[in-house]
Amino acid sequence: MIYLDHHATTPCDSRVVSAMLPYFTEHFGNPASVTHPFGKRAAAALEDSRIDVARFFGVSPSEIFFTAGATESNNIALNLAGHIITSAIEHRSVIAPAERGGNVTLLTPDRQGFVSPEQIRDALRDDTKLVSIEAANGEIGTLQPIGEIGALCRERGVLFHSDMTQAVGKVPLDLTNVDLASMSAHKLYGPKGIGALFVRRGVHVTPLAVGGGQEKGLRSGTVNVPAVVGFAAALKIRAEEMADEAVRLTAIRNELWDRLVAEVDGASVNGPRDLRLPGNLNVSFDGIDAEALILALRRFALSSGSACSSGERGPSRVLTAIGVGEAAAMGSIRIGLGKSNTPGEAAMLVDDLKRSVARLRRITVA
Ligand code: PMP
């Protein structure tokens with residue numbers, strides 16, 4: 001089976017697994033145990049990893065806090081009182097905590113999923129505390145203008161948070177105008193259940209859990225050292241491989257795009273052609289049920305809408321928010337290319353899609 005769901009998660013790179021292994025067995029100490037070499041060794045690995053993660057983003061190690069992943073990072077970043085501005089196509093782990101305070105403006109992006117700095121400007125109020133806009137969308141791949149949005153927020157004295165989960169290790173990111181950023185290692189060929197929150201020096205956040213005091217009190221609980229080591233190792237690999245892979249995946253993606261639109265009746269692409277995650281394609285097939293189509297495409301692991309919300313039936317809330325009609329949204333699949341995928345696999349997908357769409361249309365008509 002060919003895996004085409006790299007936005008949901010990625011396989012852990014074997015080099016990452018090798019880097020992690022000694023920290024389960026030989027170097028198993030608790031990094032808080034400063035009284036003996038076992039603890040000191042774990043603490044050194046933790047701090048070395050923090051330096052590596054910080055270096056990837058060009059920030060200070062003191063600004064990197066390890067968490068259980070982007071869900072937790074988003075929840076910590078949005079754990080504040082006051083007016084919050086975010087968009088309707090953010091991940092649920094941003095929208096849910098934003099809505100909890102009951103003082104949120106949800107912006108509607110344009111037809112390609114872009115949120116503009118002008119929209120943010122119009123929504124800013126005297127009591128606005130934070131703006132949260134993702135770097136990249138996990139369903140339609142849209143890369144948001146976070147540099148401009150961050151600059152505007154800074155000018156207005158409002159905190160800017162960005163959920164960078166889908167973008168880290170895929171496209172270059174500049175944290176210059178960002179105050180808070182969330183990420184998860186498993187989206188970049190690292191392990192699951194580990195991530196980070198970048199907190200710019202001087203920015204105050206309120207922890208969710210208290211008691212242990214780890215991560216300078218921001219995230220209590222014994223740190224998962226093997227996972228942290230894996231996260232840092234995965235980022236190092238991404239720093240080396242990201243640029244070439246982006247070119248390669250963009251070429252495969254655009255070929256898929258052109259062929260599907262040209263060769264499959266009623267196929268249309270959701271999201272932008274440029275300013276898009278290299279490995280992302282989202283296609284609607286007119287009159288087709290995406291679940292049936294995915295079942296028919298036996299050789300491929302694909303998603304309809306976001307894996308995080310599958311289980312929810314009904315049209316994708318991201319597609320609905322950008323104005324895709326219900327029928328087209330119900331007939332949409334997400335293709336998430338990753339480093340193992342080849343042009344030959346993409347060609348196989350086009351063949352299978354052509355056949356399956358034609359067959360499903362015949363069944364529907366009959
Ligand atoms: N934000 C975005 C944009 C995501 O795609 C995801 C994962 N689908 C998350 C946050 C949550 O990440 P995790 O499940 O690793 O906490």
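Starting afresh in each chain, residues are numbered from 1 along the sequence in its written order. Since the coordinates come from a predicted model, pLDDT governs what is reported: local features require at least 70, and pairs of side-chain atoms require 80 or more to be given and counted, while whole-chain, interface and lining totals use all residues. Hydrogens and waters are ignored; side-chain quantities use all the structure's heavy atoms.

Draft legend 1. Here's a closer look at the sheet that holds strand β7 (residues 180-184). Whether two strands pair depends on DSSP finding at least two bridges between them. Strands are runs of DSSP state E lasting at least two residues, helices are runs of H or I lasting at least four, and both sets are numbered from the N terminus onward. Taking strand neighbours across the sheet as the criterion, the 7 strands line up as β2-β8-β7-β6-β5-β3-β4 in an open arrangement whose pairing is mixed. The sheet terminates laterally at β2 (64-67) and β4 (104-107), the two strands that pair on one side only. Neighbour-to-neighbour, the strand axes of the sheet open up by a mean angle of 20 degrees, direction not taken into account. Pairing of strand β3 (residues 83-87) with strand β5 (residues 128-132) involves 4 bridges; the strand directions are parallel. Each residue of the ladder has a partner; that of His 83, found in β5, is Thr 128. Two residues qualify as a contact provided that any one of their heavy atoms is within 4.5 Å of a heavy atom in the partner residue. All axes here are fitted lines through C-alpha atoms, helices being fitted over the stretch that makes contact, and every angle between N-to-C directions spans 0 to 180 degrees. Docked against the sheet, helix α2 (residues 37-57) engages β2 and β7, running at close to 115 degrees with respect to β2.

Draft legend 2. Local environment of helix α4 (residues 92-100). For α4, the set of buried residues is Ser 93, Val 94, Ile 95, Pro 97 and Ala 98. On its buried side, α4 packs onto α3 (70-77), β3, β4, β5, β6 (159-163) and α9 (317-321). Where α4 ends, the next residue or the one after it, Gly 102, has phi of about 70 degrees, a positive value. Burial classes follow relative accessibility: with a 1.4 Å probe on protein chains only, a residue under 20% of its type's maximum area counts as buried, one over 50% as exposed, and anything between as partly exposed.

Draft legend 3. Highlighting the side chain of Arg 219. Among the secondary structure elements, Arg 219 is positioned in the loop between β8 (195-199) and α7 (225-263). Residue Arg 219 is classed as buried on the basis of its relative accessible area of 19%. Counting of polar contacts relies on pairs of N or O atoms within 3.5 Å, with two restrictions inside protein: one atom must be capable of donating a hydrogen and the other of accepting it, and residues adjacent in sequence are counted only when both atoms are side-chain atoms. Polar contacts involving the side chain of Arg 219 include one to the side chain of Glu 72, which spans 3.0 Å. Excluding its chain neighbours within four sequence positions, the residues that come into contact with Arg 219 are Phe 66, Thr 67, Ala 68, Glu 72, Ile 76 and Gln 214.

Draft legend 4. Expanded view of the sheet that holds strand β12 (residues 332-336). Reading across from one edge, β9-β10-β12 is the order of the 3 strands in this open sheet, with antiparallel pairing throughout. The open sheet has two free edges, formed respectively by β9 (267-269) and β12, since each of these has just one partner strand. Shown here is a sheet whose adjacent strand axes are inclined to one another by a mean of 30 degrees, direction ignored. Strand direction decides the pairing type here: β9 and strand β10 (residues 280-285), joined by 3 bridges, are antiparallel. Among the inter-strand pairings, Val 269 is bridged to a residue of β10, identified as Val 283. Its contacts with the sheet put α7 on β9, β10 and β12, and the angle it makes with β10 is roughly 10 degrees.

Draft legend 5. Structural view of the pattern of salt bridges. In the sections that follow, a salt bridge refers to a side-chain nitrogen of Lys or Arg positioned within 4 Å of a carboxyl oxygen of Asp or Glu. For the structure shown, the criterion picks out 19 salt bridges. Residues Asp 52 and Arg 55 are paired through a salt bridge, measuring 3.8 Å at the closest nitrogen-oxygen approach. Within this pair, Asp 52 and its partner Arg 55 are both found in helix α2, separated by 3 residues, close to a single helical turn. Its salt-bridge partner being Asp 352, residue Arg 299 comes within 2.8 Å of it at the nearest N-O pair. Remark: Asp 352 occurs in helix α11 (residues 343-365) and Arg 299 occurs in the loop between α8 (290-296) and β11 (300-301); sequence separation between them is 53 residues. Overall, Asp 352 belongs to the buried group, its relative accessible area being 8%. Through salt bridges with shared partners, one network takes in Asp 13, Arg 15, Glu 241 and Lys 339.

Draft legend 6. Representation of the packing of α3 against α4 in the model. In contact at an axis separation of 9 Å, α3 and α4 are set at 25 degrees when each is read in the N-to-C sense. Looking at the two axes, α3 sits roughly parallel to α4. As for how α3 packs across α4, the hand of that crossing is right-handed. Here α3 contributes Ala 70, Thr 71, Asn 74 and Asn 75 to the contact with α4, which in turn contributes Ser 93, Val 94, Pro 97 and Arg 100. Angles are sorted into four bins: roughly parallel if under 35 degrees, roughly antiparallel if over 145, roughly perpendicular if 65 to 115, and oblique for all others. Handedness of a helix crossing follows the sense of rotation of the near helix relative to the far helix, less than a right angle counterclockwise being left-handed and clockwise being right-handed.

Draft legend 7. Spatial organisation of the nonpolar core. What we call a nonpolar core is a set of buried Ala, Val, Leu, Ile, Met, Phe, Trp, Tyr and Cys residues that are connected through their side-chain atoms within 4.5 Å. Judged by nonpolar contacts, the single largest core of 49 residues is most densely connected at Phe 66, Ile 120, Val 131 and Phe 231. Counting only elements with at least two residues in this core, the list comes to α1 (14-20), α2, β2, α5 (117-123), α6 (146-156), β7, β8 and α7. The dominant element in this core, judged by the number of residues it contributes, is α7, at 8 residues. Beyond its immediate sequence surroundings of up to four residues, Phe 66 is in contact with Leu 46, Ser 49, Arg 50, Val 53, Ile 194, Gly 195, Ala 196, Glu 215, Arg 219, Val 228 and Phe 231.

Draft legend 8. Fine view of a nonpolar patch on the surface. Patch membership requires over 30% relative accessible area and the absence of a salt bridge. Like charges are linked within 9 Å, and nonpolar side chains (Val, Leu, Ile, Met, Phe, Trp, Tyr) within 5 Å. To measure how exposed things are, a 1.4 Å probe is used in the Shrake-Rupley method; for residues, cover is taken only from the protein chains shown. Side chains of Val 17, Leu 21 and Phe 24 sit close together on the surface and give an oily, nonpolar patch of about 270 Å² of accessible area. Mapped onto the fold, Phe 24 is located in the loop between α1 and α2.

Draft legend 9. Spatial organisation of the domain arrangement of the chain. In this document the domain limits rely on a domain assignment from an automatic tool or a database. By the assigned domains, the chain splits into domain 1 (2-7 + 241-365) and domain 2 (14-238). A separation of 28 Å is found between the C-alpha centroids of domain 1 and domain 2. Taken together, the contacts link 30 residues of domain 1 with 32 residues of domain 2. For any pair of parts, buried area is found by adding up, for both, the accessible area (1.4 Å probe) each one loses once the two are put together. For the pairing of domain 1 and domain 2, the buried interface totals around 2,600 Å² over both sides, and the portion due to carbon and sulfur atoms is 52%. Linking domain 1 to domain 2 there are 2 salt bridges. With a shortest N-O distance of 3.1 Å, Arg 15 and Glu 241 are connected by a salt bridge. Counting across the domain 1 and domain 2 interface gives 18 residue pairs in polar contact (both at pLDDT 80 or more). Breaking the side of domain 1 that touches domain 2 down by element, the ones donating at least two residues are α7, β10 and α9.

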